[in-house]
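Residues per chain are reported as follows:
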Amino acid sequence: MNKPDFTPPMLHGVTASKVFLIAQNEHDTIYGFLCAHFPHIQAIEWQQRFDDGLVFDLSGEKLTRYSPYQNNQHIYYYRFLAHEITVPFEHEIIFENDDLLVVDKPHFLTMTPTGQYVQQTLLVRLKQQTGNAELTPIHRLDRETAGIVLFSKRPETRGLYQQLFATRQIEKIYHAIAPYSSELSFPTTTKYRMKKGEPFYTMQIVDGQSNSETRIELLEHNHIWAKYCLYPKTGKQHQLRVHLNALGLPICHDPFYPTVAHKADDDFSQPLQLLAKSLSFHDPITQKRLEFSSKKELFL
């Protein structure tokens, strides 16, 4: 008799990934299939995961490098990196109720596991801290951006909060440090059509009907640098960075705009001077107006 499917536990803040074994005749072992299916992951990493007992079948049995391939089955595996650079900055939980976790994110901390970061991501840190495997970000901030971000604690109510962002019922305010220009007049509203750029992780402005909009106010300046208050109406990737750069005001220490300048992975100097300062909305469950502000500040 087959064992019932099991739910893999969270390990060190990491939840298991699920992979479907397609019908095929190319690979005799699950190990061989995974190496071919995920070519960006070195074979030695898969060996280590099997040797460490981090690959399971649906019943919870640990698989080995020699476990035979079985068509049309699911397996679970945990992702850990042998060498991961520590991000030396801490997040702060500033609000929590039954459904939400509100966090003040530091610069340089990636939101979720990706590429070279797993343990050193905000989501995994929070899962370790809270023990809640159901935590999911409702929206995202760039790795380079600091400030307020919301997490859902329960799948049952997650969609209600995601819908607030989808229907633009969230009021977001950002602060940024960028060059001062006496030739520009503020407040102003920028509207551009944005699409994926080159390299692929950047964005660019193209001709056509606008799909991004930002209101920009000038808070203060010293004739060289200025502090701006940004009110994004839309939420395109890198929108604020691209909009300010289009005005000839690239955000201080921006590694992508106007030109891509790669830094060493362990270089935590010169953080991007962009802060998700506050976020407010009408809570669909409590029917109360909620507003959260980052304790961080940007200075000229």
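Above this note sits the structure.
Residues numbered from 1 in each chain as written. Predicted model: local features only at pLDDT ≥ 70, side-chain atom pairs only at ≥ 80, totals over all residues. Heavy atoms only, no water.

Participant: Could you clarify how one ought to interpret the environment of Thr214 in this entry?
Facilitator: By the secondary structure assignment, Thr214 is in strand β11 (residues 212-221). When its relative accessible area of 1% is taken as the criterion, Thr214 is described as buried. Counting along the chain gives 139 residues from Thr214 to Ile75, while the straight-line C-alpha distance between them is 45 Å. Apart from the residues within four sequence positions on either side, Thr214 is in contact with Thr188, Thr189, Thr190, Leu230, Tyr231, Pro232, Gln239, Leu240 and His243. Here the side chain of Thr214 touches Gln239 through a polar contact of 2.8 Å, side chain to side chain. Here the side chain of Thr214 touches His243 through a polar contact of 3.2 Å, side chain to side chain. (Helix = DSSP H or I, 4+ residues; strand = E, 2+ residues; numbered from the N terminus. Buried < 20%, exposed > 50% of the residue type's maximum accessible area, 1.4 Å probe, protein only. Contact = heavy atoms within 4.5 Å. Polar contact = N/O pair within 3.5 Å; in protein donor to acceptor, adjacent residues only side chain to side chain.)

Participant: Explanation requested: the pairing of strand β4 (residues 92-96) in the structure shown.
Facilitator: Residues in a regular strand point their side chains to alternate faces of the sheet. Where β4 and strand β5 (residues 100-105) come together, 4 bridges link them in antiparallel fashion. Its bridge partner being in β5, Glu96 is matched across the sheet by Leu101. Two successive antiparallel strands, β4 and β5, enclose a turn made up of 3 residues. (Pairing = 2+ DSSP bridges.)

Participant: How do you make sense of helix α2 (residues 43-51) when you look at a structure like this?
Facilitator: Quick reminder: α-helices carry 3.6 residues per turn. Residues three or four places apart thus point the same way. Of the positions making up α2, those classed as buried are Trp46, Arg49 and Phe50. Projection of α2 onto a plane perpendicular to its axis shows the buried side chains occupying an angular sector of 95°, all on one side. Here the buried face of α2 lies against α1 (30-37), β2 (55-57) and β3 (73-77). Directly after α2, the chain includes Gly53, whose backbone phi takes a positive value near 70°. (Arc of directions from axis to C-beta.)

Participant: Help me out: how do you make sense of the environment of Tyr231 in this one?
Facilitator: Following the sequence through the fold, Tyr231 ends up in strand β12 (residues 225-232). For Tyr231, a relative accessible area of 27% translates into the label partly exposed. Separated by 185 residues in the primary sequence, Tyr231 and Trp46 place their C-alpha atoms 45 Å from one another. Non-local contacts of Tyr231, meaning those with residues more than four positions away in its chain, are made with Lys172, Ile173, Glu213, Thr214, Arg215 and Glu217.

Participant: What's the story with the pattern of salt bridges in this structure? I'm lost.
Facilitator: Should their charged atoms come close, side chains of opposite charge can pair. Scanning the entire structure with this criterion turns up 13 salt bridges. For Asp104, the salt bridge goes to Lys296, with nearest N and O atoms at 3.4 Å. One end of the pair, Asp104, is in strand β5; the other, Lys296, is in the segment after β14 (289-293), with 192 residues separating them in the sequence. Residue class for Lys296 comes out partly exposed when judged on its relative accessible area of 26%. (Salt bridge = Lys/Arg side-chain N within 4 Å of Asp/Glu carboxyl O.)

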